[in-house]
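Chain residues, written in single-letter form:
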Amino acid sequence: MSERETVIELKNVDYTYQAGSPFAAAALHDVNIRVRRGTLVGIAGGTGSGKSTLLQLVNGLLLPTGGSVSVLDHVLTPGMKKPRLNSLRRRVGLSFQFPEQHLFEDTVEKDLMFGPLNFGMPREEAQNRAAEALRAMRLDEALLKRHPLTLSGGQMRKAAIASVLAAGPEIVMLDEPTATLDSAARRELISLLERLCREEGRTILMVTHRVEELLHAADEWIVMHEGRAVFQGGPDELAGRAGELGGWGVAVPEQLRCWREWTSRLPQLSSLPMPRTAEEMAGAIERAVRGAGGSGGGPEREENLCATN
Amino acid sequence: MRDKLILGRMIPTGSRVHELDPRAKITAMLLFAAALILSGGWAELAVLAVFSVIVLTATKIPLRTYLRALRPLRWLMLFVFLFQLFAGAGAGAAADSAAWTLGPVTLTAAGLSGALLAVSRMALLIVFTAMLTFTTTPSMLSRGIEGMIKPLSRKGSTGAERFSLMMRLALRFIPALLEESQTILKAQAARGADYEEMKIKEKARLLMSLLVPVTVGAFRRAEELTTSLEARGYRIGAPRTSYRRLSWSGADTFFTLLFVLLLAGTLTMRLML
Ligand SMILES: Nc1ncnc2c1ncn2[C@@H]1O[C@H](COP(=O)(O)OP(=O)(O)OP(=O)(O)O)[C@@H](O)[C@H]1O
Ligand SMILES: [Mg+2]
């Protein structure tokens, strides 16, 4: 990958909720992170590890209590006079962890238009964007006139994500977007994010509890543990440190477990990077087995063995 | 919003005051409020102030924290001050002793003293309420109230228990609702409607828009909570073991007596001076 410009950089960031009061609760300690334009970043970590706090620092909803946060052309530092952040937030979208706290208007359409209108788009364009975002999330346009709180959990989640996409942000941040979706919708969402990233060059940050659902798509991973960013690196590096994941409160993804089993049995595999998909993994194993002289079982068998999500 | 609201949450320091029976603390609070209301002038107020500083120190919570509890109410206190000042000025002007005149308004030394007295009383009352909530968890507080009204209600009536459950739920819901409103405001800010960057008219519209989701959220939570209470076998009037029994000890009697004396002292001063 060619060197791309850094769009998000956190330097020695600390964050404490209700700092200075008797209820102060430290959430982040000395976090150093760097994200380049056009990458798809997965953020994993146990509950309470600071993932949501991290996302809220990036679009200035929270100002750091230590260190500095640079996002696009803004630099946020502790105690600074609260800057006008709308120009930043137009370019950095955030879909919240709980969609029912995200939607508030009396129709879905108004909710989808809320962001675009705030960012100064004309009405008509906002309306088009709303419909377009809804289609991108594969929701029926009939929902536009419904009250958001009458939608099902999955529809509400999709509508909330659509309300972020409608404003067309360069950086899209999603806090556990797959939590209330079924597995088909989850896969669909992730391929949508991949499209936004690969074809439109947007930067995507996605928090998830299920590393496996994003392992094939993410360029980079950040692992949070007890308020610290304990890991930032590519999927291969993550695979190499699979043993530490448990201690960080992250379940070892199925593909990694499977690949580890295979590499321990077929040492010739261990020099290869971890295949991203089931098909690639089956192919790599097939080649290794054939190359070792054995005729081996067909690729179908391995594929079944490693079937994921 | 939430960051500034510190009234109404317990601060554990493990002091003797924390361990007192909630009934003793509530009684003391009532006695203190009575003494405040009955106090007539600066002398009584000085005694009450010294007394409360001693009690506040005993809670091991920094005095600074108590002052912070006053902050959200500073405008209300200013209003009370000005109101008393001008209301008092009208009465004072007739009874001569005009101190200085400012346009149509005449201020008197008596009016000023009366207004300061009113604000000081109010501040002491707030600080004392803060003391109660800083040293007692909401559930202990409501259990204390339940324990105090139970002897007053008819035998076999579930009124006290109902009241206590209601209090406990309310105390649990208020912070939850505040938090929920704050999250929605944040979500709106993320989509370009930053409350702090808005004009007053837009602010009003935004706050109105919170009403529906927050109310719906509250009902949903209430429903979930009652279902889960029932699922866990809670029934009003059913015999139940409290997992933390209230127990009245010597310290509680001592603490309450202290406040009885305080009230008696204030009354005597008022009558003598
Ligand atoms: N408004 C708040 N006030 C005080 N403390 C908070 C607040 N929000 C979060 N925290 C604390 O900050 C820490 C990090 O919280 P955060 O929400 O960022 O975790 P998370 O990684 O998103 O967890 P989850 O996976 O459960 O969503 C936690 O210890 C939490 O208790
Ligand atoms: Mg979270």
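Caption draft 1: Looking closely at the coordination of the magnesium ion (ligand 2). Residues and elements named next belong to chain A. The protein atoms that coordinate the magnesium ion (ligand 2) are Ser 52 (OG) and Gln 97 (OE1), at distances spanning 1.9 to 2.3 Å. In this pair, Ser 52 is assigned in helix α1 (residues 51–58) and Gln 97 in the loop between β6 (92–95) and α3 (108–118), connecting sequence segments 45 residues apart. Judged by relative accessible area, Gln 97 falls into the partly exposed class, the value being 22%.

Caption draft 2: Fine view of the interface of chain A and chain B. Between chain A and chain B, the residue contacts involve 30 residues of the former and 29 residues of the latter. Between chain A and chain B, the buried area comes to about 2,700 Å², and carbon and sulfur atoms account for 54% of it. Per-residue buried area on chain A facing chain B is highest for A:Phe23, A:Gln101 and A:Phe104; these three make up 26% of the total on that side. Our count for the contact surface shared by chain A and chain B stands at two salt bridges. Between A:Arg89 and B:Asp194 there is a salt bridge whose closest N-O contact spans 2.8 Å. Our count for the contact surface shared by chain A and chain B stands at eight residue pairs in polar contact (both at pLDDT 80 or more). Among the secondary structure elements, those contributing two or more residues to the side of chain A that touches chain B are α2 (86–91) and α3 of chain A. With four residues, the top contributor of residues to the side of chain A that touches chain B is α3(A). For the side of chain A that touches chain B, the class distribution of residues is 12 nonpolar, 12 polar and six charged.

Caption draft 3: The confidence of the model for chain B, seen in detail. All names here are of chain B. Of the residues in chain B, 81% reach a pLDDT of 70 or more, and the chain-wide mean stands at 79. In the model of chain B, strand β1 (residues 98–102) stands out as the element of lowest mean pLDDT, 60, in contrast to helix α3 (residues 42–58), which has the highest, 91. Scored by ipTM, the complex comes to 0.72, with pTM at 0.73.

Caption draft 4: Up close: the side chain of B:Ser15. Residues and elements named next belong to chain B. Mapped onto the elements of the fold, Ser 15 is located in the segment before α1 (16–19). Judged by its relative accessible area of 0%, Ser 15 falls in the buried class. Looking at Ser 15, its side chain comes within polar contact range of the main-chain nitrogen of Val 17, at 3.2 Å. Ignoring sequence-local partners within four residues, the contact set of Ser 15 consists of Ala 58, Thr 59 and Lys 60.

Caption draft 5: Structural detail: the packing of helix α5 (residues 153–165) of chain A against helix α6 (residues 183–198) of chain A. Residues and elements named next belong to chain A. Where α5 meets α6, the closest approach of the two axes is 13 Å, and the angle between their N-to-C directions is 10°. In terms of orientation, α5 and α6 fall into the roughly parallel class. Taken together, the residues of α6 that come into contact with α5 (itself represented by Lys 158, Ile 161 and Leu 165) are Ala 185, Glu 188, Leu 189, Leu 192 and Leu 196. Of the residues that constitute the contact of α5 with α6, the class distribution is six nonpolar, no polar and two charged.

Caption draft 6: The arrangement of the sheet that holds strand β3 (residues 40–45) of chain A in detail. All names here are of chain A. Across the sheet, six strands lie side by side as β6-β7-β8-β3-β9-β10; this open sheet has mixed pairing. The open sheet has two edge strands, β6 and β10 (228–233), and neither has a second partner. Put simply, the sheet's adjacent strands are angled 15° from each other on average, direction ignored. Sheet analysis places β6 next to strand β7 (residues 171–175), joined by four bridges and oriented parallel. In the strand pairing of β7, Gly 93 is matched with Val 172. Strands β3, β7 and β8 (203–207) of the sheet are contacted by α6, whose axis makes an angle of about 150° with β8.

Rules of the game
Residue numbering note: each chain is counted from 1, following its sequence as written. A letter from A marks each chain and a number from 1 marks each ligand, given out in the order of writing. Side-chain atom pairs in this predicted model are given and counted only at pLDDT of 80 or more, local residue features only at pLDDT of at least 70, and totals for whole chains, interfaces and linings cover all residues. The side-chain values count all of the structure's non-hydrogen atoms but skip hydrogen atoms and water molecules. Sites may look incomplete because water is not among the atoms; the donors themselves are N, O and S atoms within 2.8 Å of the metal, or within 3.2 Å for Na, K and Ca. Only DSSP runs of H or I with at least four residues qualify as helices, and only runs of E with at least two residues qualify as strands; both kinds are numbered from the N terminus onward. Burial status follows relative accessibility: with a 1.4 Å probe on protein chains alone, a residue under 20% of its type maximum counts as buried, one over 50% as exposed, and anything between as partly exposed. Pairs of residues are marked as contacts when any of their non-hydrogen atoms sit within 4.5 Å. Joining two parts hides part of their accessible area as seen by a 1.4 Å probe, and the buried area is that hidden amount summed over both. When a carboxyl oxygen of Asp or Glu lies within 4 Å of a side-chain nitrogen of Lys or Arg, that pair is called a salt bridge. Identification of polar contacts relies on pairs of N or O atoms within 3.5 Å, with a donor-acceptor requirement for protein atoms, meaning one able to donate a hydrogen and the other able to accept it, and with residues adjacent in sequence counted only if both atoms are side-chain atoms. Polar here means any residue other than Ala, Val, Leu, Ile, Met, Phe, Trp, Tyr, Cys and Pro, which are nonpolar, and Asp, Glu, Lys and Arg, which are charged; Gly is therefore polar. As a per-residue measure, pLDDT tells how confident the predictor is, with possible values from 0 to 100. Lines are fitted to the C-alpha atoms to define the axes, a helix being fitted only along its stretch in contact, and any angle between axes, read from their N-to-C directions, falls within 0 to 180 degrees. Working definition: roughly parallel below 35 degrees, roughly antiparallel above 145 degrees, roughly perpendicular at 65 to 115 degrees, and oblique for all remaining angles. Strands are treated as partners if at least two bridges between them are detected by DSSP.

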